Amino acid sequence: MSSQPQPVPQPPGPVDAGADALAGAQQLTDVITRLRRALRSSIRSEFPWEALPMAQVELLQTLAASPLRVGELAARQRLAPNTVSGLISKLLEAGLVDRQPDPGDRRTARIALTEAGHQQLRDWQSAHERRLATALESLASTDREAVMRALPGLDRLAHSLAGTDPAR
């Protein structure tokens, strides 16, 4: 018989829950990072026209709902206004957005998607959906079902991180 001491099991408690949450957060961070990188890389190799930086795509997505002032856009994206101004300049040059007078304050302008911007966003969304559908189809049915079952929880996690309430 071995006389080496055996580890004493720790009762479950807040420390274990915190450690489990941290381990889960580390794993989730790794998976999300790899997923974004893989998706971005695969889309660019399959669809060479997809050259918009993700920050610009996110601005287009935000503007799809309604025109916004640069300050409002910066606040929603949690970016500095000068960063958003630089991104908007590139989108203006590409013809994907334009400036419109703000009906509430004629001294300021709102940024709105042009028809080309709407089309670029639709094309981008469609390409991503096709790529993800193909990848999902390649998974074993149990993995595909696990991914789909995780979506509501991931959606709530995104709202929690953003500080938004999806019920509002």
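Residues numbered from 1 in each chain as written. Predicted model: local features only at pLDDT ≥ 70, side-chain atom pairs only at ≥ 80, totals over all residues. Heavy atoms only, no water.

S.K.: How should I be thinking about the pairing of strand 1 (residues 97-102) in this particular structure?
M.R.: Both faces of the sheet carry side chains from a regular strand, because those side chains alternate between them. Direction of pairing for strand 1 relative to strand 2 (residues 105-113): antiparallel, over a ladder of six bridges. Across the sheet, residue V97 finds its bridge partner in strand 2, namely L113. Once strand 1 ends, the chain turns through two residues before running back antiparallel as strand 2. (Pairing = 2+ DSSP bridges. Helix = DSSP H or I, 4+ residues; strand = E, 2+ residues; numbered from the N terminus.)

S.K.: Help me out: how do you make sense of the nonpolar core in this one?
M.R.: As a rule of thumb, nonpolar side chains are buried together in soluble globular proteins. L60, L63, I88, L91 and V97 are the most contacted members of the largest nonpolar core, which has 19 residues in total. When contributions to this core are tallied by element, the ones reaching two or more residues are helix 2 (54-63), helix 3 (70-77), helix 4 (81-93), strand 2 and helix 5 (115-138). Discounting chain neighbours no more than four positions away, the residues touching L63 are L68, L73, I88, V97, I111 and L113. (Core = buried A, V, L, I, M, F, W, Y, C linked by side-chain atoms within 4.5 Å. Buried < 20%, exposed > 50% of the residue type's maximum accessible area, 1.4 Å probe, protein only. Contact = heavy atoms within 4.5 Å.)

S.K.: Looking at this model, I keep getting lost on helix 5. Mind explaining?
M.R.: Residues spaced three or four apart along an α-helix point in a common direction, a consequence of the helix completing one turn every 3.6 residues. Relative to the 34 Å expected for 24 residues at 1.5 Å per residue, helix 5 spans 35 Å between its end C-alpha atoms, a close match to the ideal helical length. Residues of helix 5 that are buried include every one of G117, Q120, L121, W124, A127 and H128, and no others. (Expected span 1.5 Å × (residues − 1).)

S.K.: Explain the packing of helix 2 against helix 5 to me, please; I cannot follow it from the model alone.
M.R.: Where helix 2 contacts helix 5, the two axes come as close as 10 Å, and the packing angle between them is 115°. Taken together, helix 2 and helix 5 sit at an angle that is classed as roughly perpendicular. For the pair helix 2 and helix 5, the sense of crossing is left-handed. Residue-level inspection shows M54, V57, L60 and Q61 of helix 2 in contact with helix 5, the latter providing L121, W124 and Q125. (Axes fitted to C-alpha atoms, helices over the stretch in contact; angles between N-to-C directions. Parallel < 35°, antiparallel > 145°, perpendicular 65-115°, else oblique. Left-handed = near helix turned anticlockwise from the far one by under 90°.)

S.K.: For this particular structure, what's the right way to read a nonpolar patch on the surface?
M.R.: Together, L139, V147, M148, L151, L154, L157 and L161 make up a nonpolar patch on the protein surface, roughly 570 Å² of accessible area in all. Tracing the chain through its elements places L139 in the loop between helix 5 and helix 6 (141-162). (Patch = residues over 30% accessible without salt bridge, like charges linked within 9 Å, V, L, I, M, F, W, Y side chains within 5 Å. Areas by Shrake-Rupley, 256 points an atom, 1.4 Å probe, with all protein chains shown as cover. Salt bridge = Lys/Arg side-chain N within 4 Å of Asp/Glu carboxyl O.)

S.K.: Hey, could you run me through helix 2 in this one?
M.R.: Taken residue by residue, helix 2 has Q56, V57, L59, L60, T62 and L63 as its buried positions. Packing partners of the buried residues in helix 2 comprise helix 3, helix 4, strand 1, strand 2 and helix 5.

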